[in-house]
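# Residue-level structural notes
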Protein chains: 2
Amino acid sequence: MKVLSKVSEYGLRALLYMVAKRGGQEYVSIREMSERLDISFHFLTKILQMLTQANLLISYRGPNGGVAFKKPPEEIRLSEVVLILEGDDYFDKCLLGLPGCGDRQPCPMHQFWKEIKGSLKKEFDHTSLAEMGQIAVSRHLRLVP
Amino acid sequence: MKVLSKVSEYGLRALLYMVAKRGGQEYVSIREMSERLDISFHFLTKILQMLTQANLLISYRGPNGGVAFKKPPEEIRLSEVVLILEGDDYFDKCLLGLPGCGDRQPCPMHQFWKEIKGSLKKEFDHTSLAEMGQIAVSRHLRLVP
DNA sequence: CGGAATTAAGAGTATTTTATCTTAAATTAG
DNA sequence: CTAATTTAAGATAAAATACTCTTAATTCCG
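Below is a summary of the structure that appears in this document. Because the structure is a prediction, the values reported are computed rather than measured. (Residues numbered from 1 in each chain as written. Chains lettered and ligands numbered in written order. Predicted model: local features only at pLDDT ≥ 70, side-chain atom pairs only at ≥ 80, totals over all residues. Heavy atoms only, no water.)

Turning our attention to the protein's contact with DNA strand C. Around DNA strand C there are 27 residues in total, and Ser 40 and Phe 43 of chain A together with Ile 30, Lys 46 and Ser 59 of chain B lie nearest to it. When the atoms of DNA strand C within 4 Å of the protein are grouped by moiety, sugar and phosphate amount to 66% of the total. One nitrogen or oxygen atom from the main chain of Lys 6 of chain A is found 3.2 Å from a phosphate oxygen belonging to DNA strand C. Sorting the residues of the surface near DNA strand C by element identifies helix H1 (6-22) and helix H3 (41-53) of chain A together with helix H2 (30-36), helix H3 (41-53) and strand E1 (57-60) of chain B as the ones contributing at least two each. Looking at the surface near DNA strand C element by element, the count peaks at 5 residues for H3 of chain B. For the surface near DNA strand C, the residue count by class is 8 nonpolar, 13 polar and 6 charged. (Near = heavy atom within 4 Å. Polar contact = N/O pair within 3.5 Å; in protein donor to acceptor, adjacent residues only side chain to side chain. Helix = DSSP H or I, 4+ residues; strand = E, 2+ residues; numbered from the N terminus. Nonpolar A, V, L, I, M, F, W, Y, C, P; charged D, E, K, R; others polar.)

With that out of the way, let us pick up the protein's contact with DNA strand D. Taken together, 27 residues lie near DNA strand D, and Ile 30, Lys 46, Gln 49 and Ser 59 of chain A together with Ser 40 of chain B sit nearest. A distance of 2.7 Å separates a phosphate oxygen of DNA strand D from a polar atom in the backbone of Ile 30 of chain A. One nitrogen or oxygen atom from the main chain of Lys 6 of chain B is found 3.3 Å from a phosphate oxygen belonging to DNA strand D. Among the elements that take part in the surface near DNA strand D, H3 of chain A stands out by supplying 5 residues, more than any other. A per-class count over the surface near DNA strand D returns 8 nonpolar, 13 polar and 6 charged.

A word on the pairing of E1 of chain B. The pairing of E1 of chain B with strand E2 (residues 66-69) of chain B spans 4 bridges and is classified as antiparallel. The partner of Ile 58 of chain B across the bridge, within E2 of chain B, is Ala 68 of chain B. (Pairing = 2+ DSSP bridges.)

Residues and elements named next belong to chain A. Given a rise of 1.5 Å per residue, 17 residues ought to cover 24 Å, and the 25 Å separating the end C-alpha atoms of H1 matches this to within 8%. Where burial is concerned, most of H1 is hidden: 13 out of the 17 residues are buried. Note on H1: the residue one or two positions beyond its end, Gly 23, has a positive phi of about 65°. (Expected span 1.5 Å × (residues − 1). Buried < 20%, exposed > 50% of the residue type's maximum accessible area, 1.4 Å probe, protein only.)

Residues and elements named next belong to chain A. In total, this model carries 12 salt bridges over all chains according to the counting rule given. With a closest N to O distance of 2.7 Å, Glu 32 and Lys 21 form a salt bridge. A residue pair is termed long-range when its members are at least 10 positions apart, and Glu 32 in helix H2 (residues 30-37) and Lys 21 in helix H1 qualify at 11 residues. Of the residues examined, Glu 32 reaches a relative accessible area of 21% and is grouped as partly exposed. The residue Lys 71 makes a salt bridge to Glu 80 at a minimum N-O spacing of 3.3 Å. Taking the relative accessible area as the measure of exposure, Lys 71 reaches 29% and is therefore partly exposed. (Salt bridge = Lys/Arg side-chain N within 4 Å of Asp/Glu carboxyl O.)

This next bit is on the packing of H1 of chain A against H3 of chain A. Residues and elements named next belong to chain A. H3 packs onto H1 with a crossing angle of 80° between their chain directions and a minimal axis gap of 10 Å. In this view, H1 runs roughly perpendicular relative to H3, as classed from their interaxial angle. Within the contact between the two elements, H1 uses Val 7, Tyr 10, Gly 11, Ala 14 and Leu 15 and H3 uses Phe 43, Leu 44, Ile 47, Leu 48, Met 50 and Leu 51. (Axes fitted to C-alpha atoms, helices over the stretch in contact; angles between N-to-C directions. Parallel < 35°, antiparallel > 145°, perpendicular 65-115°, else oblique. Contact = heavy atoms within 4.5 Å.)

Here we come to the interface of chain A and chain B. At the junction of the two partners, chain A supplies 38 residues and chain B supplies 38 residues. Between chain A and chain B the total buried area reaches about 3,500 Å² when both faces are included, carbon and sulfur atoms providing 75% of it. If you sort the residues of chain A by the area they bury against chain B, Met 1, Leu 96 and Pro 108 of chain A come out on top, with a joint share of 24%. There are 0 salt bridges connecting chain A and chain B. Inspection of the region where chain A meets chain B yields 2 residue pairs in polar contact (both at pLDDT 80 or more). Elements supplying a minimum of two residues to the side of chain A that touches chain B: H1, helix H5 (110-125) and helix H6 (129-139) of chain A. A breakdown of the residues in the side of chain A that touches chain B according to their chemical character gives 28 nonpolar, 3 polar and 7 charged. (Buried area = accessible area lost by both parts, 1.4 Å probe.)

Let us look at the relation of the copies chain A and chain B. Turning chain A through 180° and shifting it by 0.0 Å along the axis lays it on chain B, with an RMSD of 0.1 Å. What the rotation and shift describe, once combined, is the action of a two-fold rotation axis. Judged by C-alpha distance, Val 3 of chain A is the residue of chain A that lies nearest the rotation axis, at 2.6 Å. A share of 100% of interface residues in chain A that are also interface residues in chain B marks the association as one of identical surfaces. (Least-squares fit on C-alpha atoms with pLDDT ≥ 70 in both.)

As a further point, take the state of the cysteines. All names here are of chain A. In total, this model carries 0 disulfides over all chains according to the counting rule given. Here Cys 107 stays free of any disulfide, with the sulfur of Cys 94 as its closest cysteine sulfur at 3.7 Å. Since its relative accessible area comes to 2%, Cys 107 is described here as buried. (Disulfide = S-S within 2.5 Å.)

As structure tokens, this is what we get:
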């Protein structure tokens, strides 16, 4: 059950690293993250660029540069991150992949799947990056393979 | 939220077609399904082959051949189909894609994600192909794009 | 038996996703 | 101002997924 692409997996791991590091106050170097999390530097750069362009992070170039949260991680929901990295239609996809499927023209799985997606969205909606990061810090959990 | 590969999407659509057609009693031609469902014939053949090799279907060659259910669709669960087509570790994957993640070495999202996966598995476990097909038939829902 | 219909299987191609490489732009420190 | 450090952006490459083509094996019907 793989619901996230590598882009989101890496993006989330980086965000959690930032939260864990210093509560997301200061700029964190992408190079540092790529090394600590064992993610390709250039690939991670692009992912974080997406988050920067979506106004979730701000970036700064030059020595001591990096990325930082634009708003406190308490206010950033998992769903927000996922919608940015996976696309706005993330919670609208048909289980059977039928393009026309929706309330007006439902596939056989539509209602069933809609309910599951709904409850998942709800979970993602009230889970903040801060909470997630907290758990990681307090339990010394690992973000690295 | 794309949880299934094309393989599973196509496989499920074909199975639902078979249920809808005649309750899964007789052999249904793969060619017919590929045309009615607008799925590549050879690709679909391979997908149904996987289901045949997994003993969910039986196949018959020659004129009037095709595939049929080996056990009644009432007894086939959605989870069973998905495990065959996506792999046995389908419900065991880490949200962040970390290979070592598990109960012994949980990632920050492990517990959270484990619960969600659990309830999804439960849903998939007591949803039979027959139920799914029933809905499709009774409401004249479409399996085609 | 012989030809047509059908699934099985393997090789080959295309598309998408993931990852890398190169160069440019911004910032800092000396 | 210059050199070093860092993100931005675009081009390219590798890997995975999705799809196609060809040939073989099985079964039916005349």
